[in-house]
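# Notes for the structure review
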Amino acid sequence: MIKQKTIQILPIILFTVMMILILNLSAYAQDLGDSVFLYSRTTVIILLAVFSSAVLLYTKWARAGKKLFIRKIAGVDAVEDAVGRATEMGKPVLFIPGIADVEDIETIAGIAILGRVARVTAQYETPLRVPVRYPMVLAASQEVVEQAYIEMGKADSYDKDTVRYVAGEQFAFTATVNGMMMRERPAANIYMGGFFAESLLLAETGNAAGAIQIAGTARPEQLPFFIAACDFTLMGEELYAASSYLSHEPLLLGGLKGQDFVKILLVIAILIGTLLVTFDAGDWYIDLFDVP
Amino acid sequence: MRTTVPIIVAFLAGTLMVVSFFFNPEKIWIGDAKDVALQWMTIVGGFALVLGVVSIVRVNARAVQRKSEGWFYKLMTVISVFAMAIPAMMPVTKESFGGSIFYSIFPESWMSVLGTGSQSWYDWLFTYVDAPMMETMFAMLAFYIASAAYRAFRARNAEATLLLFTATLVMLWRVPMGEAFLRLFSENLPGYINTYVMGGFNVAVQRGIIIGAALGAASMSLRIILGIERTYMGK
């Protein structure tokens, strides 16, 4: 128990030490114009400190047992219903963790949600199909799905080809996945991650195949396509909140509350900026947030 | 061990990326850490490609073996993987790695068609097979947009009617003939659409989503760096 707590606290201490190190190193820099530390990015450090403190504080409160209200996200609640529908129909669930590589945070969010979806499919023994575009995403997704099946006590039901690499080309990937949708007719299609021009090609085909569709992406230019063709859409931040929301763990929900707190601060900052610019006194304020 | 090691790696890698943002890459190595890490990422990704090839061959070969529906196309997929990859990896000169042995077995006239040069098989397959197929898929998007727009713009309620009206104005504004039509009503109408609809409502909503998404991404990154979020490991 003590060891576990130490593991949880250690990264926080190290992170703080790193931040102190940054500030100390900056103090040693002599010439402002040609320094080791980029002074022009000091605002980012302050924002980072405020943001980190808010997230950690709310996480601490959540750990202490304080009840935190998180609004319902219809799209996330629909995930379990969609898997249930697939189980009843005896058809597979198709999950696409985006078409971006693993270094993209949207893909990480998609893989985190995949882990939750895999737990439900493992529980109901519903077939799961996860086509991926990058080998690194393949390795990460395979690990997550296998772990989910093991944790649900269904290791024997895990098929190594549940997660499969289909193509590295964007539209070759799309053609393959569209073919899977039309041949296998999955009962539920879940798109979570980074999507580009193929978003509508996938979602419209899924719609034509009669699947219940849930999408989530942080790319505003793809959101209208998903909204038009899917039953539920997670917009922007909801994608990153989904894995925490699905886990129902207070510790993770604390992070979401911290994020909301910073959002309130940003709204206040935007309002102040709007007022200052309206009265022609906002140049210094704009410079404050202008990070090269 | 399976949990602790990835958490430590995530913490060190994540913190390094954050710290490197604040340092001058010309003055200290840590400022350049992001680019170095991306190079590592490319190298690891290159090795991971083998996993992808194994996966694609295993899944499709199994379907061919079982003669399941569409097995012929799966066979073509496997053949295509090797038809593109093998000639591209072959040595193009005697001086290339393994070239002297290769060209002691095969004729030297093969030099021009191997590798990824302009006369190679790889280039021919890419230009005349791969690229047209990709372009065809992309071109199909126009028809998909039409069907999605038809469904989205049906005037079922007040909000959908407003969407239909706005979308019609924007679509007219986007094409020269439509813009000329709008100018029949008012010379300033296209300018108003540009300023208020696209530059006003549209940008405001997009920025709201972008700010929310950026905070969400930062929050998730922080949770991963500090080991609070472990869902990406299936925990």
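Residues numbered from 1 in each chain as written. Chains lettered and ligands numbered in written order. Predicted model: local features only at pLDDT ≥ 70, side-chain atom pairs only at ≥ 80, totals over all residues.

### Describing the nonpolar core
Residue and element names in this part refer to chain A. Membership of the largest hydrophobic core comes to 96 residues, with the highest contact counts inside it found for Val93, Val117 and Ile190. Here this core gets 11 residues from one element, more than from any other, and that element is helix α4 (residues 105-124). Beyond its immediate stretch of four places on either side in the chain, Val93 contacts Val83, Ala86, Val117, Thr121, Thr126, Leu128, Pro186, Ala187, Ala188 and Ile190. (Core = buried A, V, L, I, M, F, W, Y, C linked by C-beta atoms within 7 Å. Buried ≥ 20, exposed ≤ 12 C-beta atoms within 10 Å, placed from the backbone. Helix = DSSP H or I, 4+ residues; strand = E, 2+ residues; numbered from the N terminus. Contact = placed C-beta atoms within 7 Å.)

### A closer look at unusual backbone geometry
Apart from glycine, the bulk of residues carry a negative phi angle, and the bulk of peptide bonds sit in the trans form. Despite not being glycine, Glu125(A) has its phi angle at roughly 55 degrees, a positive value. Locating Glu125(A) in the fold gives a position in the loop between α4 and β2 (128-132). The phi angle at Lys67(B) is positive, at roughly 55 degrees, despite the residue not being glycine. Along the chain, Lys67(B) turns up in the loop between α2 (33-66) and α3 (71-89).

### Remarks on the sheet that holds β2(A)
Whether parallel or antiparallel, the strands of a sheet pair through hydrogen bonds between backbone atoms. All names here are of chain A. In space, the 6 strands of this open sheet follow the order β3-β2-β1-β4-β5-β6, with parallel pairing throughout. Of all the strands in the sheet, just β3 (163-165) and β6 (232-235) have a single pairing partner and so form its edges. Strand-to-strand, the axes of this sheet are offset by a mean angle of 15 degrees, without reference to chain direction. Judged from the 2 bridges that link them, strand β1 (residues 93-96) and β2 form a sheet pairing that is parallel. Counterpart to Val93 in the pairing with β2 is Leu128. (Pairing = 2+ DSSP bridges. Axes fitted to C-alpha atoms, helices over the stretch in contact; angles between N-to-C directions.)

### Quick word on the packing of helix α6 (residues 170-184) of chain A against helix α5 (residues 121-139) of chain B
In the contact formed by α6(A) and α5(B), the axes pass within 9 Å of each other and the chain directions differ by 65 degrees. With respect to α5(B), the axis of α6(A) lies roughly perpendicular. Note on packing geometry: the crossing formed by α6(A) with α5(B) is left-handed. Between α6(A) and α5(B), the residues in contact are Phe171(A), Thr174(A) and Ala175(A) and Met134(B), Met137(B) and Phe138(B), respectively. The residue makeup of the contact of α6(A) with α5(B), split by class, is 5 nonpolar, 1 polar and no charged. (Parallel < 35°, antiparallel > 145°, perpendicular 65-115°, else oblique. Left-handed = near helix turned anticlockwise from the far one by under 90°. Nonpolar A, V, L, I, M, F, W, Y, C, P; charged D, E, K, R; others polar.)

### Let's talk about the interface of chain A and chain B
Opposite the 67 residues of chain A that make contact, chain B presents 56 residues. Each residue belonging to the side of chain A that touches chain B can be placed in one class, and the counts come to 44 nonpolar, 13 polar and 10 charged.

### Remarks on the environment of Arg62(B)
Residue and element names in this part refer to chain B. Examined against the element boundaries, Arg62 turns out to sit in helix α2. Under the C-beta neighbour-count criterion, Arg62 is labelled partly exposed, with 13 such atoms within 10 Å. C-alpha of Arg62 to C-alpha of Asp32: the two residues are 30 residues apart in sequence and 46 Å apart in space.

### Digging into the packing of helix α3 (residues 74-89) of chain A against α4(A)
Residue and element names in this part refer to chain A. Remark: α3 packs on α4, axes separated minimally by 10 Å, with the N-to-C direction vectors making an angle of 30 degrees. With respect to α4, the axis of α3 lies roughly parallel. The handedness of the crossing between α3 and α4 comes out as right-handed. Where α3 abuts α4, its residues Val79, Glu80, Val83 and Thr87 lie against Val117, Val120, Thr121 and Tyr124. Here the residues of the contact of α3 with α4 sort into 5 nonpolar, 2 polar and 1 charged.

### Structural notes on the pairing of strand β5 (residues 212-217) of chain A
Each regular strand carries side chains that alternate between the two faces of the sheet. Residues and elements named next belong to chain A. The buried fraction of β5 is high, at 6 of 6 residues. Of the two faces of β5, both are covered, the one formed by Ile212, Ile214 and Gly216 as well as the one formed by Gln213, Ala215 and Thr217. Note on the crossover from strand β4 (residues 188-192) through helix α7 (residues 198-208) to β5: the handedness is right-handed. Across 4 bridges, β5 lies against β6 in parallel orientation. Bridge assignment links Gly216 to a residue of β6, and that residue is Leu234. Taking the sense of rotation as the criterion, the β-α-β connection linking β5, helix α8 (residues 223-229) and β6 turns out right-handed. (Right-handed = clockwise from strand over helix to strand, strands pointing away.)

### A short note on the domain arrangement of chain B
Residues and elements named next belong to chain B. By the assigned domains, chain B splits into domain 1 (4-89) and domain 2 (142-233). Computed from C-alpha atoms alone, the centre-to-centre distance between domain 1 and domain 2 is 33 Å. At the interface, 6 residues of domain 1 touch 5 residues of domain 2. Taken together, the residues that form the side of domain 1 that touches domain 2 break down as 4 nonpolar, 2 polar and no charged. (Domains from an automatic or database assignment.)

### Here we look at α3(A)
Residues and elements named next belong to chain A. The terminal C-alpha atoms of α3 lie 22 Å apart, and with 16 residues this matches the ideal 22 Å at 1.5 Å per residue to within 8%. The axis of α3 is deflected most strongly, by about 25 degrees, at Glu80. Buried within α3 we find Gly75, Val76, Val79, Ala82, Val83 and Ala86. The inward-facing, buried residues of α3 abut β1, α4, β4, β5, β6 and α9 (237-247). (Expected span 1.5 Å × (residues − 1). Bend = angle between axes of the 7 residues up to and from the residue.)

### Looking at the environment of Ala197(A)
Along the chain, Ala197(A) turns up in the loop between β4 and α7. The class for Ala197(A) is partly exposed, based on 16 C-beta atoms found within 10 Å. Each C-alpha atom of the pair Ala197(A) and Gln222(A) lies 7.6 Å from the other, and the pair is 25 residues apart in sequence. Setting aside chain neighbours within four positions, we find Ala197(A) in contact with Phe138(B) and Leu141(B).

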